[in-house]
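What the coordinates show
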Amino acid sequence: MKIIQVGLGAWGASWLTVVQQSASWELAGVVDVDSAAAERVAKSYGVRAYRDIEHALEDKANFDAVLVIVPPEYHAAVAVPALKAGIPALIEKPLAGNLTDALSIIDAADHSGAIAMVSQNYRYKRAPRTVQRLINEGVIGEVQQIFINYQKNPPFDGFRLTMDEPLIVDAMIHHIDQIRGIAGVEAVSVRANSWNPSWSRFAGNASAVVQIEGSNGAKVIYTGSWASQGEQTSWDGDWEIHGTKGSISWKNNTVQIRFQSLFDTVFLAGATEHSGVMHVDLDDLEVEERLGTLAAFSEAVTSGVRPETDVRDNILSLQLVVATAESAKKDGEIVRLSSVDELLTSVG
Ligand SMILES: NC(=O)c1ccc[n+]([C@@H]2O[C@H](COP(=O)([O-])OP(=O)(O)OC[C@H]3O[C@@H](n4cnc5c(N)ncnc54)[C@H](O)[C@@H]3O)[C@@H](O)[C@H]2O)c1
């Protein structure tokens, strides 16, 4: 199937290569308001260049889908006209810059029935998929507390440098989406504090501590920094997930289980015991990361079945990010969340 890519910035440049590697998608055109950049990329890939989505849609017979890789505040400006024209959209995270824009994207998808999916690439990796399976199989029992620590000092420039809450909005969106999609915890409330160390490259807050309460009573404690002076974690962060029967440690793409009961440590299929700790072999995936989201998107477009990160579900990840930033702004005040039905009925 043919896809056009909108947005050829820092992340968009690497998406071009990912699309080339994809088994299901072929690049059919590129769009960027920077028309010189669009012309340059179009020439080297032998495809057509457009200066905006409206011009690209005049040629909509020539492609099957659109890939939205522009900054979050412009996601709706690109996705809404495409979806209204019946063109499926794969949208970078976060779904949109705010909830009103997110609802307009959902409304447009409802209008035409076109698939609209968020590319939550952090779900599509071997370690998180292994953790998700172990939790779903009940290996550690009911999850009641999760501790996540994320430490990075990334040399970013561009739109992130001027955001109010770059850590919460641009980094923690991935972890929030994993808390929902991998650990299966849906939030009912959140409280957060954020701050910016003096040496931070960001104008907004690069560090935060966040406490999330899940609908089942589970608590998630998150500490993170994009101005870390210490030991760096992986992009997923270090996770300790505690359940009634034991715990899962997920760090640096390794997964370990510790059991409460001595007898549980003797054997677990797909794991090897070392000093009472089960080291779990990671599940195989055909493709990972963005190739994984492209494959899921193609399956959804072909079958018409909504994908797991369909916009109607993924608005909950955005809502939790927005609520976390709001709590941080209000100095740790508890912010309560709406259910997906409450959110969607506000679309009308
Ligand atoms: N999933 C991840 O791990 C990950 C990593 C980095 C970035 N991202 C996401 O990718 C998206 C893009 O980030 P980036 O770092 O490439 O941004 P960027 O600012 O470097 O590039 C954005 C590009 O979009 C173009 N653009 C802006 N508005 C447009 C419009 N209305 N129509 C057409 N083109 C338009 C700009 O000219 C620019 O070339 C963001 O949503 C960001 O959150 C995701």
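Note that this is a predicted model, so its numbers are computed, not measured. (Residues numbered from 1 in each chain as written. Predicted model: local features only at pLDDT ≥ 70, side-chain atom pairs only at ≥ 80, totals over all residues. Heavy atoms only, no water.)

Here's the deal with the sheet that holds strand S13 (residues 254-259)
Two modes of strand pairing occur in sheets, parallel and antiparallel, and in both the strands are linked by backbone hydrogen bonds. Stated precisely, the cut-off is as follows: By this definition, two strands are paired if DSSP reports at least two bridges between them. Helix and strand assignments follow DSSP, with helices taken as H or I runs no shorter than four residues and strands as E runs no shorter than two, numbered in order from the N terminus. The contact criterion used is simple: two residues touch if any of their non-hydrogen atoms lie within 4.5 Å. Each axis is a line fitted through C-alpha atoms, taken for helices only over the stretch in contact, and angles between the N-to-C directions span 0 to 180 degrees.
If you walk across this open sheet you meet the 10 strands as S14-S15-S13-S12-S11-S7-S10-S9-S8-S16, and the pairing is mixed. Looking along the sheet, the strands with just one partner apiece sit at the ends: strand S14 (271-274) and strand S16 (335-336). Of the strand pairs in this sheet, S14 and strand S15 (residues 277-280) are connected by 4 bridges, and their pairing is antiparallel. Of the residues in S15, the one forming a bridge with Ala 271 is Val 280. The sheet strands contacting helix H6 (residues 126-136) are strand S7 (143-151), strand S11 (238-243), strand S12 (246-251), S13 and S15, and the helix crosses S12 at an angle near 170°. Each of strand S8 (187-195), strand S9 (207-214) and S16 is contacted by helix H9 (residues 311-329), which is oriented at about 50° to S8, the strand it contacts most.

Brief notes about the site of the ligand
Condition: Think of it this way: one heavy atom of a residue within 4 Å of a molecule or strand is enough to make that residue near it. Any pair of N or O atoms that falls within 3.5 Å is considered a polar contact. Within protein, one atom must be able to donate a hydrogen and the other to accept it, and sequence-neighbouring residues count only if both atoms are side-chain atoms. Surface exposure here means Shrake-Rupley accessible area, sampled with a 1.4 Å probe, where a residue is shielded only by the protein chains that are shown. In this classification, the charged set is Asp, Glu, Lys and Arg, the nonpolar set is Ala, Val, Leu, Ile, Met, Phe, Trp, Tyr, Cys and Pro, and all remaining amino acids, among them Gly, are polar. Per the annotation, domain bounds derive from an automatic or database assignment of domains.
Taken together, 23 residues form the shell around the ligand, and within it Trp 11, Asp 32, His 75, Lys 93 and Asn 121 come nearest. In this structure, Ala 10 approaches the ligand through a main-chain N or O atom, which is 3.0 Å from an oxygen atom. One nitrogen or oxygen atom from the main chain of Val 33 is found 3.3 Å from a nitrogen atom belonging to the ligand. Contact with the protein chains removes 84% of the 860 Å² of surface that the ligand exposes when unbound. The set of elements that each furnish at least two residues to the shell around the ligand consists of helix H1 (10-21), helix H4 (75-84) and helix H7 (166-181). Of the residues forming the shell around the ligand, the biggest block, 3 residues, is contributed by H1. Of the residues belonging to the shell around the ligand, the class tally is 12 nonpolar, 6 polar and 5 charged. Counting contributing residues, the shell around the ligand receives three or more from each of domain 1 (2-114) and domain 2 (123-280).

What about the nonpolar core?
Note the following rule: Definition used in this section: a nonpolar core is a set of buried Ala, Val, Leu, Ile, Met, Phe, Trp, Tyr and Cys residues joined via side-chain atoms within 4.5 Å. Only protein chains enter the accessibility calculation, which uses a 1.4 Å probe; a residue whose area is less than 20% of its type maximum is buried, one above 50% is exposed, and one in between is partly exposed.
Core analysis: the largest hydrophobic core is formed by 51 residues, its most contacted members being Ile 146, Ile 212, Ile 241, Ile 248 and Ile 257. A per-element tally of this core places H7 first, with 7 residues. Dropping the residues within four chain positions of it, Ile 146 is found in contact with Ala 183, Val 185, Lys 219, Val 220, Ile 221, Trp 239, Glu 240 and Ile 241.

Quick look at the UniProt feature "domain: GFO/IDH/MocA-like oxidoreductase" (unreviewed entry) in the chain
Under the convention used in this document: UniProt positions are given in the numbering used here, feature names are shortened, and annotations may be inferred rather than shown by experiment.
Here, UniProt's "domain: GFO/IDH/MocA-like oxidoreductase" (unreviewed entry) annotation points to residues 129-248. Secondary structure content for residues 129-248 is 20% helix and 35% strand, and the end C-alpha separation is 13 Å.

A look at the environment of Gly 184
With respect to the helices and strands, Gly 184 occurs in the loop between H7 and S8. Using a relative accessible area of 52% as the deciding quantity, one classes Gly 184 as exposed. For Gly 184 and Lys 43, which are 141 residues apart along the polypeptide, the C-alpha to C-alpha distance reads 44 Å.

What about the pattern of salt bridges?
Heads up, the condition is: Here, a salt bridge means any Lys or Arg side-chain nitrogen found within 4 Å of an Asp or Glu carboxyl oxygen.
The tally for this structure, following the rule as stated, stands at 19 salt bridges. Arg 180 serves as the salt-bridge partner of Glu 186, at 2.8 Å between the closest nitrogen and oxygen. Among the residues examined, Glu 186 registers a relative accessible area of 30% and is labelled partly exposed. Salt bridges here are not isolated pairs; linked through shared partners, they connect Arg 123, Arg 129, Asp 177 and Glu 308.

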